[in-house]
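Summary of structural features
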Amino acid sequence: MKTEDKIICNACKKVILETNTIPTADYLHVEKEWGYFSGKDGQKHEFDICEECYDAWIKGMQIPAACKEVTELV
């Protein structure tokens, strides 16, 4: 959840502060607009997850997340 000067992890409530609109730690932001054939037709869900909660989330997946090394960081 993003506020004016911080991001709060929706899973653990960890606060990630921002300095001049730049987060002090990395996190995952997810936006999903649900469509037909879902139980959430017409809803838009949005949340933020800190890196620690992301690691715990993907650790429990039956099929591991694909991971590729990026050599040029933007």
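The structure reproduced in this document is the subject of the present report. (Residues numbered from 1 in each chain as written. Predicted model: local features only at pLDDT ≥ 70, side-chain atom pairs only at ≥ 80, totals over all residues. Heavy atoms only, no water.)

Re the state of the cysteines
Summed over all chains, the structure comprises zero disulfides. Here Cys50 is not cross-linked by a disulfide; its sulfur's nearest cysteine counterpart is in Cys53, at 3.6 Å. With no disulfide of its own, Cys67 lies 18 Å from the sulfur of Cys50, the closest cysteine sulfur. (Disulfide = S-S within 2.5 Å.)

What about the packing of aromatic side chains?
Remark: the centre distance and the inter-plane angle together describe each pair of aromatic rings, the angle taken between the planes. According to the stated counting rule, one finds one aromatic pair in the structure shown. Lying over the aromatic face of Trp34, Lys32 brings its terminal NZ or CZ to 5.0 Å of the ring centre. The ring centre of Trp34 lies 4.7 Å from the NZ or CZ of Lys40, which sits over that ring. (Phe/Tyr/Trp six-rings, centres within 6.5 Å; stacked < 30°, edge-to-face > 60°. Lys NZ or Arg CZ within 6 Å of the ring centre and 35° of its normal.)

Looking at the sheet that holds strand β3 (residues 22-23)
Strand order across the open sheet formed by three strands is β1-β2-β3, with antiparallel pairing between neighbours. Of all the strands in the sheet, just β1 (6-8) and β3 have a single pairing partner and so form its edges. Judged from the two bridges that link them, strand β2 (residues 15-19) and β3 form a sheet pairing that is antiparallel. Looking at β3, one finds that Glu18 is bridged to Pro23. (Pairing = 2+ DSSP bridges. Helix = DSSP H or I, 4+ residues; strand = E, 2+ residues; numbered from the N terminus.)

Structural notes on the environment of Ile7
Position of Ile7 among the secondary structure elements: in strand β1. Residues Ile7 and Cys50 lie 43 residues apart in sequence; the distance between their C-alpha atoms is 9.0 Å. Apart from residues lying up to four places away in sequence, Ile7 is in contact with Met1, Lys2, Lys14, Val15, Ile16, Glu18, Pro23, Tyr27 and Asp48. (Contact = heavy atoms within 4.5 Å.)

A closer look at the pattern of salt bridges
Within this structure, the stated rule accounts for three salt bridges. In this structure, the salt-bridge partner of Glu52 is Lys14, at a minimum N-O distance of 3.2 Å. With Glu52 in helix α1 (residues 51-59) and Lys14 in the loop between β1 and β2, this pair connects stretches of sequence that are 38 residues apart. We classify Glu52 as partly exposed; its relative accessible area is 48%. The exposure class of Lys14 is partly exposed, given its relative accessible area of 33%. Between Glu31 and Lys44 there is a salt bridge, with its nearest N and O atoms 3.1 Å apart. Remark: Lys44 occurs in strand β5 (residues 44-50) and Glu31 occurs in strand β4 (residues 27-33); sequence separation between them is 13 residues. The partly exposed category is assigned to Glu31, whose relative accessible area is 46%. (Salt bridge = Lys/Arg side-chain N within 4 Å of Asp/Glu carboxyl O. Buried < 20%, exposed > 50% of the residue type's maximum accessible area, 1.4 Å probe, protein only.)

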